[in-house]
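Working through the structure, step by step
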Amino acid sequence: MSAAPITPVGPATTRVDVSGALRGVRPGLALAFAIVGFFVVSALLPALLAPYDPFDVNLRDALQAPTLAHPLGTDQSGRDVLSRVIYGARESLYIGLAATALSLTIALVLGVAAGLSGKFTDGVINRFIEVLFAFPVLLLALLFVTVFGAGTTTLIVAVGVGTAPGYARMIRGQVLAVKNSGYVEAAGALGHSYPRIVRRHILPNAMRPLVVLLTLGVGQAIVWASGLAFLGLGVAPPSPEWGAQLDAGRTYITQAWWLEVMPGLAIVWFALALTAIGRWIQQRLEGGQR
Amino acid sequence: MRTPKTLLPLALLAAGLTLAACGGNDSASGGDPGAAFAGATPVKGGTISYGHEQEPPCLIGGWVQQAYIERQFADSLVSQVKEGEIVPWLATKWKVSDDQKTWTFTLKPGVKFTDGTPLNAAAVKTNFETWLNPKSLNPTVDAYIGEYYKSSKALNDTTFELTLTKPYAPLLSALSQGYFGILSPKQLAKGPQVNCEQPVGSGPFIVKKWNRGKNIEFVKNPNYNSAPANAKHQGPAYVDGITWKFLGDQTVRYGSLTSGESNVIYNVPTVNWKDAKQKFEVQQYITPGRPVTFSLNTVKGPFTDKLVRQAFGYAADRKAAVESAFNDVIPYNGNGALSQSTPDYDKGLADAYPYDPEKAAQLLDQAGWKENGDGVREKDGKKLTVNLVYPAGAVFSAEGATALQNIQEQLKQVGFDAKLTAATQSEVFSGKYSTPDSYDAITWYWTSPTAGVLYIVWRQNLKDRPNGNNSSFYNNPTLENTIEKANSTLDPAEQKALYAKAQKIIVDEAAAIGLYTQTTSLASEPKLRDVWIENSQGEPVFHDAFFAKEGGDS
């Protein structure tokens, strides 16, 4: 992750004009919204969309190629892959959101503290972030899994902590930029107290890009979590988590392509759709530049 | 701001995976793939590239994976052929005293270890003493003969005498396994550390180098003169060596065979079995001993009640679950005590605990576990939750895990809330799941060429500690005495009856519920001839193997 370019920001009172924003929606973006919408509904109300119980074993129907009855085929235990992809959305989305939330919380604390504090504290926090940076995310995640054992919580913590330093550095940069901006200086000149300036001007303005980070981060966290689950270090089977499905289907890759393709597509589409939406939000915030 | 850089490559990777998966099914024409090379005369030279699965922590030791490796560089005293028959190997003949306690082995003269030292009676004696020395203990050797061993003596250069504390009928079968390979005392004197990586035997191959995580390089022993009587030829191996590769991922392993990277592979993925049969020479060995079973915890939790254990057996269609998960390649083994290929196996128990959910429900009712509306049964406010632990990965295959998931679903139907816990190889070997607190049921096996394995698995205590192999923690003096008596009986009919009685107790008490057999399967390219699987443990044998010339003299 590169250090983010500092976005010039205006006063916090600027609001995004939603109706105006939607006018600029391209078909690709509409598709992205549709995909994310589908998976969000899947996560919230899977029973509404899934034709079968995702755990329902039916040995006679094992490894069936896609048919009308099972549009995405069945797995080695005869479970319906479509239903599993739909139910898997909940777990994957939960891991993605929770990991990103954790990551941003850590990043906020570190980034804001570094940005607002004096040179010495800033230096200490920066070195700390750099040390974290030295560990590739996957390695850090592997460390967590080894120490705490595989499972949903470990996965969330591993991905959350692993991706935090990148965000922390971005937030620090943002805080620094806002701190030195004209309107903060003006607020100071007007006699506003420092805590008030921080509360009213610095934080709100520095935090705006977080909306973008959050959107991009969820997609990224889902990919990380799936990757770890694929290595057998995530959620245990028979969970329909997407990465776990990829791992379980790996053995059958030469005989039953749908076991890899279907959950794989779910991961790819969902991550791409979130990225597209994230970029769109980013452009809106930056004043409609393309 | 940009998209985080890591996302794109990962997304591409996922997309690539997606494309790679679209290969579809292969459909080769039928026929015998090896027909063109049948009857070819042996040709010297070449190195066999062999794709194995599990990599053990040391090249010698008590795990069956170590026996497979030891077979390549060491010889045992005897060899076992089908039906438990024993033939000469390092020992050309043997006799036993009338009280069945003293065994005298006559050794083949002129056999040398590959470090040049002689393989004589004194060397055999040193091996027995090293196996049973607490500092260099081989746990499997100890499990077989620890309790029976009294002393050993070198009467002269070629006569070795083994004295037992009591008669032990399975002795020769036990000695035929790779764990009992005779190693060079000169090398053994250098300690377990050195012998872990550089053991020296008298076998057809020499360990040249072990590249951990990758492979073992074996080279031919040019002076080999001690092949077992059941070998296809005497004298040195035909090939120059073996590259024994560790390919843990079964898709990769099979791919290495289809792409020509490997000449032969171990454990053919069951999903590729049909394809392999059409393209390669395929052989399968059903491993005798304790099959893969559920050991039910008889001292803690719901399975302390025999009725609940029996209900667990009836609750799931284990046969269908196994056959479906293993694509009908690996056989179901309903008898929870012994694998169907073990001598003295009781066929009458093959259908123990057939699928009968009504009976399971009735047994649970009787045991006081009542339905409460939410699907999970309850007794005294406690839910019928059971923790099923299975050693995943190297010990328990992906297909095995699928079978467990199939069973888990059916257990749910009768009111068990079964949780599956996948234990890693290191967790299993470090003993994390070895106490009554750590599981309600665990899947386990113990490969062995004799029904004498029952004593290893079911006795309550060893001389100085609880028996770690009794993973049901089951204590039944009648069972223990029956097996002990069978082990010391040399009348085959009486012995068979006693082993049968022991199997019946284990099955009736539902201390273990059968699942499937361990197997060794090999798929080799058609031009690689005469690779075979020996009969004590399913160890692959490469001493007779050779690469036939194209268009050989068939």
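Residues numbered from 1 in each chain as written. Chains lettered and ligands numbered in written order. Predicted model: local features only at pLDDT ≥ 70, side-chain atom pairs only at ≥ 80, totals over all residues.

**Examining the overall build of chain A**
Operational definition: Counting from the N terminus, the helices are DSSP H or I runs at least four residues long and the strands are E runs at least two residues long. Counts of 20 or more other C-beta atoms within 10 Å of a residue's own C-beta define buried residues, counts of 12 or fewer define exposed ones, and intermediate counts define partly exposed ones; C-beta atoms are placed from the backbone. With C-beta atoms placed from the backbone, a contact is any residue pair whose C-beta atoms sit within 7 Å.
Secondary structure summary: chain A contains 12 helices and 0 strands in total. The helix and strand sequence of chain A, counted from the amino end, reads α-α-α-α-α-α-α-α-α-α-α-α. With respect to the three principal axes, the spread of C-alpha positions in chain A is 75 × 50 × 25 Å. Out of the 290 residues belonging to chain A, those deemed buried represent 47%. At a minimum sequence separation of 6, the contacts of chain A that also span at least 24 residues come to 69%.

**So, the confidence of the model for chain B**
All names here are of chain B. The line we're drawing: pLDDT measures the predictor's confidence residue by residue and takes values from 0 up to 100.
Predicted confidence across chain B gives a mean pLDDT of 91, with 93% of residues reaching 70 or more. Taken together, the stretch residues 1-30 has pLDDT below 50 and engages in 54 contacts with residues farther than four places along the chain or on a different chain. Predicted complex, confidence summary: ipTM 0.74, pTM 0.82.

**Regarding the packing of helix H16 (residues 477-487) of chain B against helix H17 (residues 492-508) of chain B**
Residue and element names in this part refer to chain B. The test is simple: Axis geometry follows a simple rule: fit a line to the C-alpha atoms, using only the stretch in contact for helices, then measure angles between N-to-C directions, giving values from 0 to 180 degrees. Angular relationships are summarised with four words: roughly parallel below 35 degrees, roughly antiparallel beyond 145, roughly perpendicular across 65 to 115, and oblique for the angles in between. The crossing is said to be left-handed when, going from far helix to near helix, the turn is anticlockwise and less than a right angle, and right-handed when the turn is clockwise.
The contact between H16 and H17 brings their axes to 8 Å, and the two run at 155°. On the basis of their axis angle, the class for H16 and H17 is roughly antiparallel. For the element pair H16 and H17, the recorded crossing hand is left-handed. Counted together, Thr478, Leu479, Thr482, Ile483, Lys485 and Ala486 of H16 and Gln495, Leu498, Tyr499, Lys501, Ala502, Ile505 and Ile506 of H17 form the full contact between these two elements.

**Some thoughts on the domain arrangement of chain B**
Residues and elements named next belong to chain B. Heads up, the condition is: Residue ranges for the domains originate in an automatic or database domain assignment. Think of it as three bins: nonpolar holds Ala, Val, Leu, Ile, Met, Phe, Trp, Tyr, Cys and Pro, charged holds Asp, Glu, Lys and Arg, and polar takes everything else, Gly as well.
Split by domain assignment, chain B resolves into domain 1 (2-14 + 26-286 + 519-552) and domain 2 (289-449 + 510-516). Here the C-alpha centre of domain 2 lies 32 Å away from the C-alpha centre of domain 1. On the domain 2 side, the residues contacting the 18 residues of domain 1 number 14 residues. In terms of residue class, the side of domain 1 that touches domain 2 is built from 4 nonpolar, 13 polar and 1 charged.

**Let's talk about the confidence of the model for chain A**
With 90% of its residues at a pLDDT of at least 70, chain A reaches an overall mean of 84. Across chain A, the secondary-structure element scoring lowest on mean pLDDT is helix H1 (residues 18-23) of chain A, at 55, and the one scoring highest is helix H2 (residues 27-44) of chain A, at 93.

**A look at the sheet that holds strand S19 (residues 512-516) of chain B**
Within a beta sheet, neighbouring strands are joined by backbone hydrogen bonds and run either parallel or antiparallel to one another. All names here are of chain B. The cut-off we apply is this: Between any two strands, at least two bridges found by DSSP are needed for them to pair.
The 5 strands lie next to each other as S17-S16-S18-S13-S19, forming an open sheet whose pairing is mixed. Every interior strand has two partners, whereas the edge strands, strand S17 (417-423) and S19, have only one. Ignoring which end each strand starts from, the neighbouring axes of this sheet average 30° apart. Both strand S13 (residues 289-296) and S19 contribute to a ladder of 4 bridges, which runs antiparallel. From the neighbouring strand, Val292 faces S19, where its bridge partner is Tyr516.

**A word on the packing of H2(A) against helix H12 (residues 258-285) of chain A**
When two helices pack together, their arrangement is captured by the angle between the axes and the distance separating the axes. All names here are of chain A. Two elements in contact, H2 and H12, have axes separated by 8 Å at closest approach and are oriented at 125°. On the basis of their axis angle, the class for H2 and H12 is oblique. Between H2 and H12 lies a crossing of left-handed hand. Of H12, the residues touching H2 (which contributes Gly28, Leu29, Ala32, Phe33, Ile35, Val36 and Phe39) are Trp269, Phe270, Ala273, Leu274, Ala276, Ile277 and Trp280. Residues of the contact of H2 with H12, tallied by class, amount to 13 nonpolar, 1 polar and no charged.

**Points about the sheet that holds strand S10 (residues 241-246) of chain B**
All names here are of chain B. Spatial ordering of the open sheet is given by S8-S9-S10-S1-S11-S20-S12, a layout of 7 strands whose pairing is mixed. Each of the sheet's edge strands pairs with one partner strand only, and the pair in question is strand S8 (205-211) and strand S12 (281-286). Across the sheet, the axes of successive neighbouring strands diverge by a mean angle of 20°, strand direction being ignored. With respect to the sheet, helix H2 (residues 64-73) is in contact with S8, strand S9 (215-220) and S10, its orientation differing from that of S8 by roughly 130°. In the packing of helix H8 (residues 250-258) onto the sheet, contacts are made with strand S1 (47-52), strand S11 (264-266) and strand S20 (519-524), and the angle to S11 comes to roughly 165°.

**A word on the nonpolar core**
We apply this condition: A set of buried Ala, Val, Leu, Ile, Met, Phe, Trp, Tyr and Cys residues, joined to one another through C-beta atoms within 7 Å, is what we call a nonpolar core.
If you look at the biggest cluster of nonpolar residues, it comprises 153 residues, and the most contacted ones within it are B:Leu296, B:Ala315, B:Leu454, B:Ala502 and B:Ile506. For this core, the element with the most residues is H17(B), which contributes 7 residues. For B:Ala315, the residues in contact, after removing those within four places along its chain, are B:Pro357, B:Ala360, B:Gln410, B:Leu411, B:Val414 and B:Phe416. Residues A:Ala32, A:Ala89, A:Ala98 and A:Leu233 belong to the second largest nonpolar core, which totals 77 residues.

**Points about H8(B)**
Residues and elements named next belong to chain B. The following threshold applies: Directions drawn from the helix axis to the C-beta atoms are what define this arc.
Taken together, the buried positions of H8 are Gln250, Arg253, Tyr254 and Leu257. Projected onto a plane normal to the axis of H8, the buried residues spread over an arc of 90° and lie on a single side. The inward-facing, buried residues of H8 contact S1, S11, helix H13 (398-413) and S20. After H8 finishes, the residue Gly260 shows a positive phi value of roughly 90°.

**Focus on helix H6 (residues 137-148) of chain A**
Residue and element names in this part refer to chain A. Our working definition: Take the residue count of a helix, subtract one, and multiply by 1.5 Å to get its expected span.
When the terminal C-alpha atoms of H6 are compared, their 16 Å separation across 12 residues agrees well with the 16 Å that a helix rising 1.5 Å per residue should span. Regarding H6, the residues found buried are Val137, Ala141, Phe144 and Val145. Buried residues in H6, looked at end-on, bunch into an arc of 95°, giving them a common side. The exposed set on the far side of H6, more than 90 degrees from its buried face, consists of Leu139 and Val147. Buried residues belonging to H6 abut helix H7 (152-179) and helix H10 (210-230). Taken from the residues just after H6, Gly149 is the one with a positive phi, measuring 85°.

**A short note on the environment of A:Ala187**
Residues and elements named next belong to chain A. With respect to the element layout, Ala187 can be found in helix H8 (residues 182-189). According to the C-beta neighbour criterion, Ala187 is partly exposed, with 19 such atoms within 10 Å. When the C-alpha atoms of Ala187 and Val41 are compared, they prove to be 45 Å apart, with 146 residues separating the residues in sequence. In this view, Ala187 contacts His192, Ile197 and His201; residues no more than four positions away in its chain are not counted.

**Topic: unusual backbone geometry**
All names here are of chain B. Its identity is not glycine, yet Asn267 carries a phi of approximately 45°, on the positive side. Within the secondary structure, Asn267 is located in the loop between S11 and helix H9 (273-279). Owing to 19 C-beta atoms within 10 Å, Asn267 belongs among the partly exposed residues under this scheme. The phi torsion at Asp328 lies on the positive side, around 60°, for a residue other than glycine. Relative to the assigned elements, Asp328 resides in the loop between helix H11 (318-325) and helix H12 (357-366). With 13 C-beta atoms packed within 10 Å, Asp328 lands in the partly exposed category.

**Description of the environment of B:Gly213**
Residue and element names in this part refer to chain B. Relative to the helices and strands, Gly213 is located in the loop between S8 and S9. Accessibility expressed as a C-beta count within 10 Å gives 8 for Gly213, which makes it exposed. Residues Gly213 and Gln278 lie 65 residues apart in sequence; the distance between their C-alpha atoms is 31 Å.

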